[in-house]
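Understanding the architecture of this molecule
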Amino acid sequence: MTHDADVIIVGAGPAGATTATFLARNGLHVILADRAQFPRDKPCAEYLSPQATRVLDELGALPAIEAAAPAQLAGMRITAPDGTSFLGEFAAGHGFRGFRDRGLAIRRTILDAILVDRARAAGAEVREGVAVRDLLRDGDAICGIITSGNATLRAPLVIGADGLHSIVARRLGLARVGRWPRRYALVTHYRGVADIGAHGEMHVYPEGYLGLADVGHGLTNVAVVVPGSQAKAMSGDPAGFMQRWIASRPRIAARFAAATPLAPPKATGPFN
């Protein structure tokens, strides 16, 4: 059988692009396919742990990421419904030191584009705007992909790195979504949220939680995560739902008094 590549990777996000870079460096012909055109936005917490910088350094991507002026997070603060909170810091009295003492927070539009460029520089063949419709089979073996345009690409190894709703996992019957707990998230960026410091934040309520983190350039990543029972309420007017959710909680609402969203929130889920 004639192959188009040694490996086809479906999904060019951080997992797919990183895998493509390391495989291409080791001499394999890699096709990295994604339905998106990069740079592209994606609903995400946009946070990298201190140890993630070790992988980024091995990729050769860390200088470009640091040059993009990401926020540097010293840790996370978790706040309960009654206002009780605790702080966890990456470099503290426990004495452990990661590759860096701080995590990085950076927009996916920047991070993903840098990682795709690293894959391309390593020799991977990056194909943007390619949506996968199905897997190509030879008996019980997977031998390639079928794109939405009904074109085929063949390889002896296919890797699914295509995220929450992976077409690869679904076609192989490997996708599993439990009935409980199910969560949906709305994510956007705000400018002007008050009192954003060097720590990420999670404000937990019985009806869900709010995540906040500086992502550099004066922007705050804002995520509202709610139970699946609220999915219908958020679907018709996600921006209004998010604004009402924040406004109904006085402790956090005050911090948004002078804040403005950059764009309507993007929805993602269900998570389980």
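What comes next is a walk through the structure. In this text the structure is predicted, and so the values were computed from the model without any measurement.

A separate point is the overall build of the protein. In terms of helices and strands, the protein carries eight helices and 18 strands. The globule rule puts the C-alpha radius of gyration for 272 residues at 19 Å, and the 20 Å found for the protein is close to it. C-alpha atoms of the protein, sized along the principal axes, occupy 65 × 45 × 35 Å. Within the protein, buried positions represent 42% of all 272 residues. Sequence separation of 24 or more characterises 69% of the internal contacts of the protein that already satisfy a separation of 6 or more. Of the roughly 13400 Å² of accessible surface on the protein, 54% is carried by carbon and sulfur atoms.

In this model, the largest pocket occupies a volume close to 1200 Å³. Lys42, Pro43, Arg108, Leu164 and Thr268 are, among the 47 residues lining the largest pocket, the residues nearest its centre. Partitioned by chemical class, the residues of the lining of the largest pocket number 28 nonpolar, nine polar and 10 charged.

With that settled, consider the packing of helix α1 (residues 14–25) against helix α4 (residues 108–122). Taken N-terminus to C-terminus, the directions of α1 and α4 make an angle of 20 degrees; their axes are 8 Å apart at the nearest point. When the interaxial angle is binned, α1 and α4 end up roughly parallel. α4 is crossed by α1, and the crossing has left-handed handedness. For the pair α1 and α4, the contacting residues are Pro14, Ala17, Thr18, Ala20, Thr21, Ala24 and Arg25 in the first and Arg108, Leu111, Asp112, Leu115, Val116, Arg118, Ala119 and Ala122 in the second. Residue composition of the contact of α1 with α4, grouped by class: nine nonpolar, two polar and four charged.

Here we take up the sheet that holds strand β3 (residues 47–48). Pairing within the open sheet is antiparallel, and its three strands lie in the order β3-β7-β4. One side of each edge strand has no neighbouring strand; the edge strands of this open sheet are β3 and β4 (71–73). Taken together, the two bridges between β3 and strand β7 (residues 103–105) define a ladder with antiparallel strand orientation. Bridging from a neighbouring strand, Tyr47 pairs with Ala105 of β7.

Before going further, it helps to examine α1. With 12 residues, α1 ought to run about 16 Å at 1.5 Å a step, and its terminal C-alpha atoms sit 16 Å apart, in line with that. Where α1 is concerned, the buried positions are Gly16, Ala17, Thr18, Ala20, Thr21 and Ala24. Of the surrounding elements, those touching the buried residues of α1 are β1 (7–10), β2 (30–34), α2 (52–59) and α4. Gly27 sits one or two positions beyond α1 and adopts a positive phi of about 95 degrees.

Okay, the sheet that holds strand β9 (residues 132–138) next. Taken in spatial order, the three strands line up as β9-β10-β11 in an open sheet, and their pairing is antiparallel. At either margin of the open sheet sits one strand with a lone partner, and together these are β9 and β11 (152–154). Between one strand axis and the next, the sheet turns by 30 degrees as a mean value, whatever way the strands run. Strand direction decides the pairing type here: strand β10 (residues 141–147) and β11, joined by three bridges, are antiparallel. In the sheet register, Ile146 faces β11, and the bridge partner there is Thr152.

Time to look at the side chain of Asp112. Mapping Asp112 onto the fold places it in helix α4. Separated by 2.8 Å, the side chains of Asp112 and Arg108 make a polar contact. In this structure Asp112 touches Gly13, Pro14, Phe38 and Arg40, once residues within four positions along its chain are discounted.

Let us look at the pairing of strand β13 (residues 183–191). On a regular strand, each side chain points to the face opposite its neighbour's, so the side chains alternate between the two faces of the sheet. The sheet contact formed by β13 and strand β16 (residues 219–227) spans nine bridges and is antiparallel. Of the residues in β16, the one forming a bridge with Tyr190 is Thr220. With four bridges joining them, β13 and strand β18 (residues 266–271) adopt antiparallel strand pairing. In the sheet register, Arg183 faces β18, and the bridge partner there is Phe271. Note that β13 and strand β17 (residues 260–261) share two bridges and pair antiparallel. Within the sheet, the bridge partner assigned to Arg191 lies in β17 and is Thr260.

Cut-offs applied
Residues numbered from 1 in each chain as written. Predicted model: local features only at pLDDT ≥ 70, side-chain atom pairs only at ≥ 80, totals over all residues. Heavy atoms only, no water. Helix = DSSP H or I, 4+ residues; strand = E, 2+ residues; numbered from the N terminus. Rg over C-alpha atoms; globule rule 2.2 N^0.38 Å. Buried < 20%, exposed > 50% of the residue type's maximum accessible area, 1.4 Å probe, protein only. Contact = heavy atoms within 4.5 Å. Areas by Shrake-Rupley, 256 points an atom, 1.4 Å probe, with all protein chains shown as cover. 1 Å grid on protein atoms, 1.4 Å probe; cavity = no way out; pocket = protein on both sides within 12 Å on 5 of 7 lines; lining within 4 Å. Points joined across faces, edges and corners; volume = space filled by probe spheres on them. Nonpolar A, V, L, I, M, F, W, Y, C, P; charged D, E, K, R; others polar. Axes fitted to C-alpha atoms, helices over the stretch in contact; angles between N-to-C directions. Parallel < 35°, antiparallel > 145°, perpendicular 65-115°, else oblique. Left-handed = near helix turned anticlockwise from the far one by under 90°. Pairing = 2+ DSSP bridges. Expected span 1.5 Å × (residues − 1). Polar contact = N/O pair within 3.5 Å; in protein donor to acceptor, adjacent residues only side chain to side chain.

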